[in-house]
Amino acid sequence: MPTDTPTTDTEIGDVASAIDLAPGPTTDPDTDTDVAAEFRGSPDELCTGPTANPADLEIDENVRKTFRLEDHPEVTDSIREHGVRDPILVIRMPEGRLVVRDGQVRTLTALAYELPEVPVYIRDFDPTLDTTEAEIERITEQITLNDRRIPLTNSDRAAGIAAMLDLGASVTRVAKALQTRRDEVKLVGKVGSSPTARGLIDDDQYDLAHAAVIAEYENVGDLDAVNRLLNVRSGLFDYEANRIAADRAERRAYLADALPYAQAGLGILTDYPDLDNTDMGLACAGELVDADGNAIEFAHIAANPGAWLVWIDVAEEQVWVEVDTGHLVDPDTVDWDTRDQPDTEPAEGLRHAREVQQRDQLLPEYFLPRDLLDAAGLRERVDTDNDTETADTGDLTDAGDGDDPDGEHRTHGGAGDDEQAAAARRAAAEAAAEAAAQAAEIERAARRRVRELNKLGLAAKATRVEFVTRLLARRTPPAQAALFLTRALLADPGLVNEYHAFDSALKLLGIEGYRSRHDMLATLDTIKPARAQVIALALVLGGYEHRADKDLWRYADSGARRYLGFLRELGYTLVPVELAALGEIKAVDIDIDNPTTGEPADTDASVETDTDAQDLPEAA
């Protein structure tokens, strides 16, 4: 007696009605074409082997008991989009019935979407098996077929998506075909184009977003950035990524600033020269004079630019200039009220705020190879004073009244003394020049330290904003928020009314465009109380974040300490400039070249994370 006796599945109709049979949008907004049409076709076009109407297939006992189609939209959507591509294993019973052995899900989905045909692989029932052996064979085969399917690795799937994008498939088309989000396809496409990033997601070392950052730098050949990201300690990846982005932006800005000098014929230095390095052999223009001892002016450099090199430093403070001409502007001559009211005429005697803008103040330094000094008619400055003082000759009369026994008059101030005095003056001049050079180097190093600490502060701010933005995307506030809010409002009652605090809160909430406080009030009746608490938290965090500018390392403000301490409670990893703001370290002790080395600060990782963040889209 056959053992694959079909049982009536009374839930098939219910399953079919539970699935939305109406096709979703299939138009690619990038190309205005029918995306699904590129994947659809008639059964004759899709199948060259045997096919069957899914209504003619019978579903018998199956090891898969806990299954509802609506719980697996990634499978059902794929079948709705592409049809059934993997043949259903069917056992043909002696009386001709077709019983599904492997493919229950595909059959149910095809029935739900009323597909006319599905591909099948038909095997005849073995009549030599008794009932028990036939059941054992069925269960063994069903378990084996499900367990032994080798899924694509994350890296293989990413490489495939990258290949589709490289071949010209739009992000929308790929997202539609694989039933995943467009933003995820973009990330996976970046990862798939980088061998390093693909390996990282297979080893579960990095999530998609972090692997995509590494992939971007590897794809443009920036191996220094890749190595920095691969070697940064845990918890500081986002901060290091923001540091690298700031470094690259600064380098691009430097080259843009240097372009006029390059066009004028000067060589551009990409690092400040080591003037003590004799192999480099560069002399600073400030230490050179012409044949007459006159200091070098820019006109001398402009007359022979090909021999000179320039390094461009940036002052800590920006300057105001005219938009049209670039000429310096005294900020006291600007009517700053017109900045927030662009249609208002400026006060008499003042200019409109739209006529000016802030720009970096460039501080160029010029250098000449020492082996070109003679050809340029220049020499290094030596501050020697040629006006010799009158030597103390003492009494020039002969000793006693008699003649000099050697027939010569002796003086107390001979040629040897003059040479010693000249040597002393030269030594003093050289010492003064060295002291001046050291003072200039100290000043340059101090400017660089301030600039680098400010850059670290900007990277820290960008990382904090990313962290807080994710925090405020939650539906409920963290447990620590109630005590923090109470303390903040008691200690800083005017915080939420400070200038731009509300704008900062809107940014942290991810709200783009203009939104007034009254607009926010009008929406409160439509949101849940827990989300309203998140918005209240955003208003306070917005106030504190606006205060915490790039130079927060300069001071230990009580509000900044409260804010940073709260973020650390939530699992945010503080970086050196933030620890300096807390007063836990001194800014002077920060290693500005390697700020992410050393032991991490203690954190309480209590922020909820998305454990599925690394899952990649799967095709059915």
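No experiment lies behind these values; they were computed from the predicted model shown.

Draft legend 1. A look at helix α16 (residues 481-491). Every buried residue of α16 is accounted for by A481, F484, L485 and A488. Each buried residue of α16 sits inside an arc of 100° when the element is viewed along its axis, so together they form one side. Facing away from the buried side of α16 by more than 90 degrees, the exposed set consists of A482, L483, R487 and L490. Buried residues along α16 sit against α19 (529-547) and α20 (558-569).

Draft legend 2. Main features of unusual backbone geometry. The residue E114 is not glycine, and still its phi comes out positive at about 55°. Relative to the helices and strands, E114 is located in the loop between α4 (104-112) and β7 (118-124). Its identity as a non-glycine residue notwithstanding, H500 has a phi of 70°, on the positive side. As for its placement among the helices and strands, H500 is situated in the loop between α16 and α17 (501-508). You can call H500 partly exposed: its relative accessible area is 34%.

Draft legend 3. Fine view of the packing of helix α9 (residues 195-202) against helix α10 (residues 208-219). As a packed pair, α9 and α10 sit with axes 8 Å apart at the nearest point and diverge in direction by 165°. In this view, α9 runs roughly antiparallel relative to α10, as classed from their interaxial angle. Judged by the twist between their axes, the crossing of α9 over α10 is right-handed. In contact with P195, T196, A197, L200 and I201 of α9, α10 contributes A211, I214, A215 and E218. Residues of the contact of α9 with α10, tallied by class, amount to seven nonpolar, one polar and one charged.

Draft legend 4. Up close: the nonpolar core. By size, the foremost hydrophobic cluster in this structure holds 41 residues, and its most contacted members are V191, L453 and V577. If you tally residues by element for this core, the top one is α10, at six residues. Non-local contacts of L453, meaning those with residues more than four positions away in its chain, are made with K550, W553, V577, A587, I590 and I592. In terms of nonpolar packing, the next biggest core, distinct from the first, is built from 34 residues, A481, L506, A548 and A581 among them.

Draft legend 5. Spatial organisation of the packing of aromatic side chains. Enumeration over the complete set of coordinates arrives at 10 aromatic pairs. Ring centres 5.6 Å apart and planes at 50° place the aromatic pair F298 and Y366 in the tilted group. Within this pair, whereas F298 is found in helix α13 (residues 298-303), its partner Y366 is found in strand β16 (residues 362-369), the two being separated by 68 residues in sequence. Judged by centre distance (6.1 Å) and plane angle (50°), the ring pair of F484 and Y544 falls under tilted. One end of the pair, F484, is in helix α16; the other, Y544, is in helix α19, with 60 residues separating them in the sequence. Using a relative accessible area of 5% as the deciding quantity, one classes F484 as buried. Connected via pairs of aromatic rings, a cluster forms that spans Y254, Y272, W311 and F367.

Draft legend 6. Molecular detail of helix α8 (residues 182-192). The complete set of buried residues in α8 reads E184, V185, V188, G189, V191 and G192. Mapping the buried residues of α8 onto a view down its axis gives an arc of 160°, with all of them on the same face. Elements in contact with the buried residues of α8: α6 (154-166), α7 (171-178), α9 and α10.

Draft legend 7. Representation of the sheet that holds strand β8 (residues 267-268) within the structure. What the four strands build is an open sheet, ordered β8-β11-β16-β9; its pairing is mixed. Each of the sheet's edge strands pairs with one partner strand only, and the pair in question is β8 and β9 (282-284). Strand direction decides the pairing type here: β9 and β16, joined by three bridges, are antiparallel. Looking at β16, one finds that A283 is bridged to L368. Here helix α12 (residues 237-263) sits on the sheet and contacts β8, β11 (309-314) and β16; the angle it forms with β11, its principal contact strand, is near 140°.

Draft legend 8. Quick look at the sheet that holds strand β3 (residues 51-52). Read across the open sheet, the five strands follow the order β3-β7-β5-β6-β4; overall the sheet is mixed. Whereas interior strands pair on both sides, the edge strands pair on one side only; in this sheet they are β3 and β4 (57-59). Two elements, strand β5 (residues 88-92) and β7, share five bridges in a ladder whose sense is parallel. Within β7, the residue paired with I91 across the bridge is R123. Helix-sheet contacts for helix α5 (residues 131-147) involve β5, β6 (98-102) and β7, and the interaxial angle to β6 is about 50°.

Calculation rules
Residues numbered from 1 in each chain as written. Predicted model: local features only at pLDDT ≥ 70, side-chain atom pairs only at ≥ 80, totals over all residues. Heavy atoms only, no water. Buried < 20%, exposed > 50% of the residue type's maximum accessible area, 1.4 Å probe, protein only. Helix = DSSP H or I, 4+ residues; strand = E, 2+ residues; numbered from the N terminus. Arc of directions from axis to C-beta. Contact = heavy atoms within 4.5 Å. Axes fitted to C-alpha atoms, helices over the stretch in contact; angles between N-to-C directions. Parallel < 35°, antiparallel > 145°, perpendicular 65-115°, else oblique. Left-handed = near helix turned anticlockwise from the far one by under 90°. Nonpolar A, V, L, I, M, F, W, Y, C, P; charged D, E, K, R; others polar. Core = buried A, V, L, I, M, F, W, Y, C linked by side-chain atoms within 4.5 Å. Phe/Tyr/Trp six-rings, centres within 6.5 Å; stacked < 30°, edge-to-face > 60°. Pairing = 2+ DSSP bridges.

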